[in-house]
Amino acid sequence: MKPSRSEVVLNPETGGSTVAVVEAYAELARRVLAGPARLGRTRLVAVDGPSGAGKSRFAAQLADALAVPLGGRPPVVHTDDLLDGWDDQVTFWPRLEEGVLAPLRDGEPGAYRRYSWVRKCFLPRPIAVPVAPVLVVEGVSAARAVVRPELTLGVFVTAPAAVRLARAVARDGPEILPELRRWHDGERAHFAADGTASQVDLLVDGAPTLPHDADRYYVRLR
């Protein structure tokens, strides 16, 4: 499908009008690879945004696009896998720093243990994170201020609150609503304090109305 190039839409972050532009993941992959490696020899890409906005899909599509020029898919770390339950929303960061970012910074492979939301504990087997040209980190607070100097690309994926809530409930069931409401309060507080959406390189519409092939293109709001 040949995408429409642009249209004026409502920006969920500001509540005002903005011009939405359809862009190709392949072009973004080339932009990443042309950028500087700031985490040792690795180009770090952070895909941030509130729950249900479409971060995981965006990260997956970008990783797929990067696989073509790299000759293999880059590692993708999901911060949900590092959380010690619901109350560890933004305080998980030392696990990412010590297990993954610090070793890569020194040119060494990293590793982390994945949290099981079913067993409510970290699984014993570590997941290796090799030294690679690109690492994608996806999740709430992935592009926080402390890591921005080391990012090659910072992305914030956004969508209307009602859409995000409906997606989360459809994915995980209505029984998570009490925890989900607390989670939404926490992420709003974090993003307000961190100013993430205004500081990243790319603001992406996670619920676009512009016609486009979602496997090859995304919609940029800024």
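About the cut-offs
Residues numbered from 1 in each chain as written. Predicted model: local features only at pLDDT ≥ 70, side-chain atom pairs only at ≥ 80, totals over all residues. Heavy atoms only, no water. Phe/Tyr/Trp six-rings, centres within 6.5 Å; stacked < 30°, edge-to-face > 60°. Helix = DSSP H or I, 4+ residues; strand = E, 2+ residues; numbered from the N terminus. Buried < 20%, exposed > 50% of the residue type's maximum accessible area, 1.4 Å probe, protein only. Lys NZ or Arg CZ within 6 Å of the ring centre and 35° of its normal. Core = buried A, V, L, I, M, F, W, Y, C linked by side-chain atoms within 4.5 Å. Contact = heavy atoms within 4.5 Å. Salt bridge = Lys/Arg side-chain N within 4 Å of Asp/Glu carboxyl O. Expected span 1.5 Å × (residues − 1). Pairing = 2+ DSSP bridges.

**Digging into the packing of aromatic side chains**
The full count for this structure, using the stated rule, is nine aromatic pairs. Their ring planes at 80 degrees and their centres at 5.7 Å tell us that Trp86 and Trp183 sit as a pair that is edge-to-face. You can see Trp86 sitting in the loop between β4 (76–78) and α3 (93–105) and its partner Trp183 sitting in helix α5 (residues 177–194), a full 97 residues away along the chain. For Trp86, a relative accessible area of 29% gives the class partly exposed. A connected cluster of aromatic rings, assembled from ring pairs, spans Trp86, Tyr115, Trp117, Phe122 and Trp183. Across from the ring centre of Phe92, 5.4 Å away, lies the NZ or CZ of Arg144, which sits over that ring.

**Quick look at the nonpolar core**
Residues Leu44, Val77, Leu96, Val100, Leu101 and Leu135 are the most contacted members of the largest nonpolar core, which totals 34 residues. Every element with two or more residues in this core is listed here: β2 (17–24), β3 (43–48), α3, β7 (134–138), β8 (151–158), α5 and β10 (217–220). Looking at which element gives the most residues to this core, the answer is α3, with five residues. Ignoring anything within four residues of it in the chain, the contact list for Leu135 reads Thr42, Arg43, Leu44, Val45, Pro75, Val77, Val100, Leu101, Leu104 and Val129.

**Focus: the pattern of salt bridges**
All told, the structure shown has 13 salt bridges when counted by the stated rule. In this structure, the salt-bridge partner of Arg148 is Asp194, at a minimum N-O distance of 2.1 Å. Taken together, the residues span a long stretch of sequence, with Arg148 in the loop between β7 and β8 and Asp194 in helix α5 at a distance of 46 residues. For the pair Arg148 and Asp194, one class covers both residues: buried. Ionic contacts of the salt-bridge type, sharing partners, join the residues Asp87, Glu179 and Arg182 into one network.

**Structural notes on helix α2 (residues 55–70)**
Along its 16 residues, α2 runs 22 Å from first to last C-alpha, staying within 8% of the 22 Å computed at 1.5 Å per residue. Of the residues making up α2, those classed as buried are Lys55, Phe58, Ala59, Gln61, Leu62, Ala63, Ala65, Leu66 and Ala67. A positive phi of about 80 degrees marks Gly71, the residue just after α2.

**Brief notes about the side chain of Thr158**
Inspection of the secondary structure puts Thr158 in strand β8. Given the relative accessible area of 1%, Thr158 is considered buried. The contacts of Thr158, once residues within four sequence positions are left out, are Pro12, Glu13, Ala53, Leu203, Val204, Asp205, Gly206, Ala207 and Leu221.

**Here we look at unusual backbone geometry**
Phi is mostly negative for residues that are not glycine, and the peptide bonds are mostly trans. At Lys120, a residue that is not glycine, the phi angle is positive and equals roughly 60 degrees. Residue placement: Lys120 occurs in the loop between β5 (110–116) and β6 (121–129). Of the residues examined, Lys120 reaches a relative accessible area of 61% and is grouped as exposed. Positive phi, close to 80 degrees, is recorded for Ser141, a residue that is not glycine. Along the chain, Ser141 turns up in the loop between β7 and β8.

**Some details on the environment of Val68**
Here Val68 lies in helix α2. Along the primary structure Val68 and Ala26 are separated by 42 residues, whereas in three dimensions their C-alpha atoms are 8.7 Å apart.

**Brief notes about the pairing of β8**
Of all eight residues making up β8, eight are buried, and the element is well covered by its neighbours. Of the strand pairs in this sheet, β3 and β8 are connected by five bridges, and their pairing is parallel. Bridge pairing links Asp48 to Phe156 in β8. Here four bridges tie β8 to strand β9 (residues 202–205), and the two strands are oriented parallel to one another. Each bridged residue has a counterpart across the sheet, and for Val157 the counterpart in β9 is Val204.

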